Structure formats: C-alpha cells, structure tokens
Amino acid sequence: MAGPVTEEKSQQNSLSDPDKRSVDPGSGTASETVDLETNSVNEKSLLRKLDIHLLPAVGILYLLSFLDRSNVGNAKIEGLASDLGMTGNQYLTGLTLYFIGYVIFEIPCNIVLKRTTPRFWLPTLTILWGIVATLMGIVQNLTGFFIARFFLGVAESGLFPGVVYYFSMWYKRRERQFRISLFFGAAALAGSFGGILAYGIGFMRGTVWEHGWRWIFILEGIATVLIAFGAYWFIYNYPDTAEFLSDKERNFIHARLASDSDATHDESFTWNNVLRALKDPKCWLYGLSFHTMSLPLYTFSLFLPSIINALGYRAATAQLLTIPPYAFAFLTTLAVATVSERLHQRAIFIIGSAIFAIIGYIMLLANKDPIARPGLSYAGTFFAAGGIYPATALALSWPAINVSGQTKRAVANAMQISIGNLGAVLGTQLYRSGDGPRYIVGHSFALGYLAGNVIVSSLLYFILSRENKRRDEVAPEVEEVGHLKDWDGDEDPRWRFQY
C-alpha cells in the first residue's frame, strides 16, 4: 500500500512533459484543451466517475461518525441518565469529554494520514470508534460513560479533517467546496437516520435491559464496525493508484490538478510546513469561522431530542419529530452549496445562512410558553437547522480552497476543526437539565455565536479581497501551480484567495 508521498512523487513524474497539460475545461475555455495522449477523456464524465467512487464511500463513514457521536441525545430520552444514576449536569460532562478528546488528537491524526494512506487510516479510525460506540452500550456506571465518550472523541477526530485534505488531492480548488458540502450533508442525514433508528430500537426496551438506550449504542456501533471493514476495499488512496481509473484518466487528473493546485507536487513532510500553518493568521480565522458555527451545530444535534421532548411530547414521538428538521437541513445544504458553487461566492452565503438560523433561535426564545405553543418552537428548529448546516458546510471549505502547500493544508484543516470544536466544548454545558422547555441560556449562546460568525465571515471577506488586490499590484495570478518549480505555497504573491 503506497503512502501519499510515494504516490505524489509518481504523479509529478507523470507531469514531466509540459506538452501534456490541459487548460481547465470547466473554466470556460474547454476548447483549448491540449491532447493528453488522447482526446477521448470527457471531463464532466470523469468528474461524475470520481464523485461516484469517492463521495458515497467517505459520506457513509461521516454519516456513521455523526450518528455515533450524536445518538447519545436519543439515548438520553430512552433512559440513559436514570440508569447510570446521573445527577445535576453529569450528562453534560460526558458530552464535553468527547470534544476534549476530539480537539487534542485532531492535528496528530492528520499528520498520521499524511504519513500513511487514506485506505489504511480512515477505515482504521472507523473501526476504532465503532468498537468504542458499541462498548458504550454496556457501561455500568458514570465513570465508564465518561471514559467511553472521551475515547470516542479521540477515535473520530481524524475523519473530517482527513477527508477534507483527501479531497484536495483529487479535485481542483473550485470543485472542493461543493464536494465538502455534499460530504457534510451526511451529518444532516445522520440526524434523520438517528431519529428513525432510535424510534425503532426504542421498542427493544425490556429485551435484556429495562430500557432501550443500550441497544441504540450496541446496534449502531456494530453496524459501524462491519461497514468499516468493507471500507478497506471501497476507500481509494490517490489518483496514481486508484484501480477504477485508466491511465488516460489518471494522466488527465494529474494535469487538471497541476493547472490550479499543488496536489501533484512531491512535497515531503517537514515540521517547518506545520509551523507555516500555525503562524498564518488566516488559518486561525478559518478556525474561528468554524468555532462560531460548531456551538450551534453540536448543541442542535445533541440536544434536539431533549428540546422537542421538553415541548410535551413523549420520547417515541420526540424521536420521530427530529427527522423533518434534519431532512430540511440536508436539502438547504445541497441547495446553498449548488448556488454558491455556480456563483463562485462563499462568504455571502455563509452570512446569509447564519442569519437564517438566527431567525430560528429568535423564534425559540420569543416563545414564552413552549408547551402551550409547541408549533412555534418546532418551526424554529427548522430555521435553525436550515441555516446551521449549509453555513457550517461552506465554512469548512475555507482551508481546502485557500491554503496551498500539502502539509500546511493538512494542518490548517485540522486546526480549523480543533479550534472549532472548542465551541462545542462550551456548548455541551449550556443546555442544563433544569433549563427546559425554553432553554434560554443555550438558545441565547447559539444566537450570539451565529452573530459572531456573521462578523468573522465578513472579516475574512474583507481580508482576502484586500490581499488579492495587493497581490494584483505585485505579480499576475498563476493558476498552473503544479508546473511551477519555485512554488512557495499560498504565501506566493501569484496565489489568489477565493471568498
């Protein structure tokens, strides 16, 4: 199994002939393509082929990841807290421990990915968290629950930033945002599936155990492990070794990547490139962009069953009522990503989506008697979900499209998730057991964070646009980065940022 560095080296060798380059057919100059051994490669068909082979595979893994981290909210209203003797806010402590493990191990996990391969690392992580998720179903006390949540966070920490980096080795810059949004859409699907599964599994109460929450963890965890073993065969590494590509298609992909990114460079791992990401203020702002979304994202996904349950619905009904808001979020994520991709605009759609979610939290906070008027609060969850998920998906694409330098980009992706999930750490302490049904503290923090995201996204728009104008006066833009021998990453004045 070849590692990324080996594969990238062979990719560079395949580009040694500058006459085998292609102008980006998707950029409006499709007729200016240069022969890549043959004129028979159709770019649109090839992109569909890549999407079919790559997106479902990693999307399934992320769906399982989000399902296994958020099903604790479904388990709570099925008897988890009472069976483990939780008092006060001990349940919230368990949620917090997950994100502590996640944040600590995120960057190390992406470094491991850079030094191994996606086919080895991504399924291995999935098996590990699947085992932990299964074991969470047999914990007998609070200590066991705390330990399991921490190690679940450790095991899941490498998947999302790893896949974002993985996409950067397959797709051109302008193509990554849409794919990341599709990939992240699996999180919304996980919410819908989680509600359906929890409703069905809830009927197993009385089988072995009095309550059904243990079966939620056990059955969903076992499913994760079984699917993860199959992932060793359906996750591909990089274009140079992907079995589903012909040599003509492989060469075409290499030329496409070389036309606007560094994916074909032979870049070995160095700690200096790690430091480049840590010293770049923009990388910290990308992290802050996700930080301001992660609190509303995870408080919504972890506490939605409890929020709906507190409106006066019994547990089984609350499980079912979580499904429609997530389904709506999936549709808005795809719609916003599609329009954003076509208009080549990022920041404005992040801001618009955040404002849409703010409307939802205003509705939740304005309802002074949620039990008497549950419809208003339930409608607010649609606005919240419909804005949170597309805004998060777009915010997560910042490093993938704007950071050049393979190691720097891998670290920047991990930085973004780590900084972002610090917001989730705070969020897990906000929806306290005695705050329902209005949850004023939690909803107010979510609203405030969304407003903060509007500010951060506006700041990034200003900084990136100003930097592009400054660079226009220094050097013309060069898109064919892969063919440059003196390329210095996104610090090179010939690089332009997308916003």
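Residues numbered from 1 in each chain as written. Predicted model: local features only at pLDDT ≥ 70, side-chain atom pairs only at ≥ 80, totals over all residues. Heavy atoms only, no water.

Novice: Looking at this structure, I do not really get the overall build of the protein chain. What am I missing?
Specialist: Per the secondary structure count, the protein chain includes 18 helices and zero strands. When burial is assessed residue by residue, the protein chain has 62% of its 499 residues classed as buried. When the accessible area of the protein chain is evaluated, it comes to approximately 18,100 Å², of which 64% is carbon and sulfur surface. (Helix = DSSP H or I, 4+ residues; strand = E, 2+ residues; numbered from the N terminus. Buried < 20%, exposed > 50% of the residue type's maximum accessible area, 1.4 Å probe, protein only. Areas by Shrake-Rupley, 256 points an atom, 1.4 Å probe, with all protein chains shown as cover.)

Novice: Help me out: how do you make sense of unusual backbone geometry in this one?
Specialist: In terms of backbone geometry, most residues other than glycine have negative phi values and most peptide bonds are trans. Look at the link from G436 to P437: it is a cis peptide, with omega at 5 degrees. Looking at the secondary structure, you find P437 in the loop between α17 (406-427) and α18 (440-472). Even without glycine at this site, V208 takes up a positive phi of about 75 degrees. A relative accessible area of 65% means that V208 is categorised as exposed. With a phi close to 50 degrees, Y439 is a non-glycine residue in the positive phi region. Positionally, Y439 belongs in the loop between α17 and α18.

Novice: When you look at the pattern of salt bridges in this model, what are you seeing that I'm missing?
Specialist: Pairing is possible between side chains of opposite charge, provided their charged atoms come close. Using the criterion set out here, one finds 15 salt bridges in the structure. Between E175 and R256 there is a salt bridge, with its nearest N and O atoms 2.2 Å apart. Here E175 is found in helix α7 (residues 173-201), whereas its partner R256 is found in helix α9 (residues 247-258), with 81 residues between them in sequence. Both residues of the pair, E175 and R256, belong to the buried class. Among the charged side chains, a salt-bridge network with shared partners connects D280, K282, K408 and E491. (Salt bridge = Lys/Arg side-chain N within 4 Å of Asp/Glu carboxyl O.)

Novice: How should I be thinking about a nonpolar patch on the surface in this particular structure?
Specialist: A cluster of nonpolar side chains, contributed by I100, I104 and F105, occupies part of the molecular surface with about 240 Å² of accessible area. Here I100 lies in helix α3 (residues 90-115). On the basis of relative accessibility, which here comes to 32%, the residue I100 falls in the partly exposed class. (Patch = residues over 30% accessible without salt bridge, like charges linked within 9 Å, V, L, I, M, F, W, Y side chains within 5 Å.)

Novice: Where do I start with empty space enclosed by the protein in this structure?
Specialist: Which parts of space are left empty comes out when a probe the size of a water molecule is rolled across the atoms. Under the counting rule described, the total for this entry stands at four cavities of 30 Å³ or more. In this model, the largest cavity occupies a volume close to 80 Å³. Lining the largest cavity are 13 residues, with N74, G191, S301, P305 and Y326 positioned closest to its centre. Looking at which element gives the most residues to the lining of the largest cavity, the answer is α7, with five residues. By residue class, the composition of the lining of the largest cavity is six nonpolar, seven polar and no charged. Looking at the second largest cavity, its volume works out to about 50 Å³. Forming the walls of the second largest cavity are Y62, R69, Y102, F160, F184, F290, L297, Y298, L396, I417 and N421. Among the secondary structure elements, those contributing two or more residues to the lining of the second largest cavity are α2 (43-83), α11 (281-309) and α17. The element contributing the most residues to the lining of the second largest cavity is α11, with three residues. Tallied by class, residues from the lining of the second largest cavity come to nine nonpolar, one polar and one charged. (1 Å grid on protein atoms, 1.4 Å probe; cavity = no way out; pocket = protein on both sides within 12 Å on 5 of 7 lines; lining within 4 Å. Points joined across faces, edges and corners; volume = space filled by probe spheres on them. Nonpolar A, V, L, I, M, F, W, Y, C, P; charged D, E, K, R; others polar.)

Novice: Sorry, what's going on with the side chain of R256 here?
Specialist: The class for R256 is buried, based on a relative accessible area of 2%. Looking at R256, its side chain comes within polar contact range of the side chain of E43, at 2.3 Å. Leave out the neighbours within four places in its chain, and R256 touches E43, L47, K172 and E175. (Polar contact = N/O pair within 3.5 Å; in protein donor to acceptor, adjacent residues only side chain to side chain. Contact = heavy atoms within 4.5 Å.)

Novice: I tried to follow the packing of α7 against helix α13 (residues 323-343) on my own but got confused; where do I start?
Specialist: Two quantities define a packed helix pair, namely the angle between the axes and the distance from one axis to the other. It is the contact of α7 with α13, at a shortest axis distance of 8 Å, that shows an interaxial angle of 175 degrees. Here α7 is positioned roughly antiparallel relative to α13, judged by the angle of their axes. Along the lines of polarity and charge, the residues of the contact of α7 with α13 split into twelve nonpolar, nine polar and three charged. (Axes fitted to C-alpha atoms, helices over the stretch in contact; angles between N-to-C directions. Parallel < 35°, antiparallel > 145°, perpendicular 65-115°, else oblique.)

Novice: What's the story with α17 in this structure? I'm lost.
Specialist: Think of an α-helix as turning once every 3.6 residues; residues three or four places apart then point the same way. Its 22 residues give α17 an end-to-end C-alpha distance of 32 Å, which sits within 8% of 32 Å, the value for a rise of 1.5 Å per residue. Across the 22 residues that make up α17, a large majority, 20, are buried. (Expected span 1.5 Å × (residues − 1).)

Novice: Can you help me understand the packing of aromatic side chains in this one?
Specialist: Each aromatic ring pair is described using two quantities: the centre-to-centre distance and the angle formed by the ring planes. Applying the stated criterion to the full structure yields 33 aromatic pairs. Residue placement shows K76 over the ring face of Y91; its charged tip is 5.3 Å from the ring centre. (Phe/Tyr/Trp six-rings, centres within 6.5 Å; stacked < 30°, edge-to-face > 60°. Lys NZ or Arg CZ within 6 Å of the ring centre and 35° of its normal.)

Novice: Help me understand the packing of α2 against α3, please; the structure alone is not making it clear to me.
Specialist: Close contact between α2 and α3 brings their axes to 12 Å; oriented N to C, the two are set at 165 degrees. By the angle between their axes, α2 is roughly antiparallel relative to α3. Here the hand of the crossing between α2 and α3 comes out right-handed. Between α2, through R69, V72, G73, K76 and L80, and α3, the contact on the second element is made entirely by Y91, L95, Y98 and Y102. Residues that form the contact of α2 with α3 fall into these classes: six nonpolar, one polar and two charged. (Left-handed = near helix turned anticlockwise from the far one by under 90°.)

Novice: Help me understand helix α14 (residues 347-366) in this model?
Specialist: Given a rise of 1.5 Å per residue, 20 residues ought to cover 28 Å, and the 29 Å separating the end C-alpha atoms of α14 matches this to within 8%. Taken together, the buried positions of α14 are A347, F349, I350, I351, S353, A354, A357, I358, G360, Y361, M363 and L364. In this structure, the buried side of α14 is in contact with α11, α13, α15 (374-395), α16 (398-402) and α18.

Novice: Where do I start with the nonpolar core in this structure?
Specialist: Within soluble globular proteins, side chains that are nonpolar generally end up buried alongside one another. Y62, L80, F160, W170, I388 and Y389 are the most contacted members of the largest nonpolar core, which totals 137 residues. Per-element tally for this core: the top contributor is α2, with 18 residues. (Core = buried A, V, L, I, M, F, W, Y, C linked by side-chain atoms within 4.5 Å.)

Novice: Please clarify how the confidence of the model for the protein chain should be interpreted in this entry.
Specialist: Regions with low pLDDT should not have their predicted coordinates read in detail. Of the residues in the protein chain, 89% reach a pLDDT of 70 or more, and the chain-wide mean stands at 86. Per-residue pLDDT stays below 50 along residues 1-36; that stretch engages in 82 contacts with residues further than four places along the chain or on separate chains. (pLDDT = per-residue confidence, 0-100.)

Novice: What's the story with the environment of T428 in this structure? I'm lost.
Specialist: Counting through the fold element by element, T428 comes out in the loop between α17 and α18. Note: C-alpha distance between T428 and L92 (336 residues apart in sequence) is 5.6 Å. Once residues lying within four places of it in the same chain are set aside, the contact partners of T428 are L92, L95, T96, F99, L302 and F303. Within polar-contact distance, the side chain of T428 engages the backbone oxygen of V425 at 2.7 Å.

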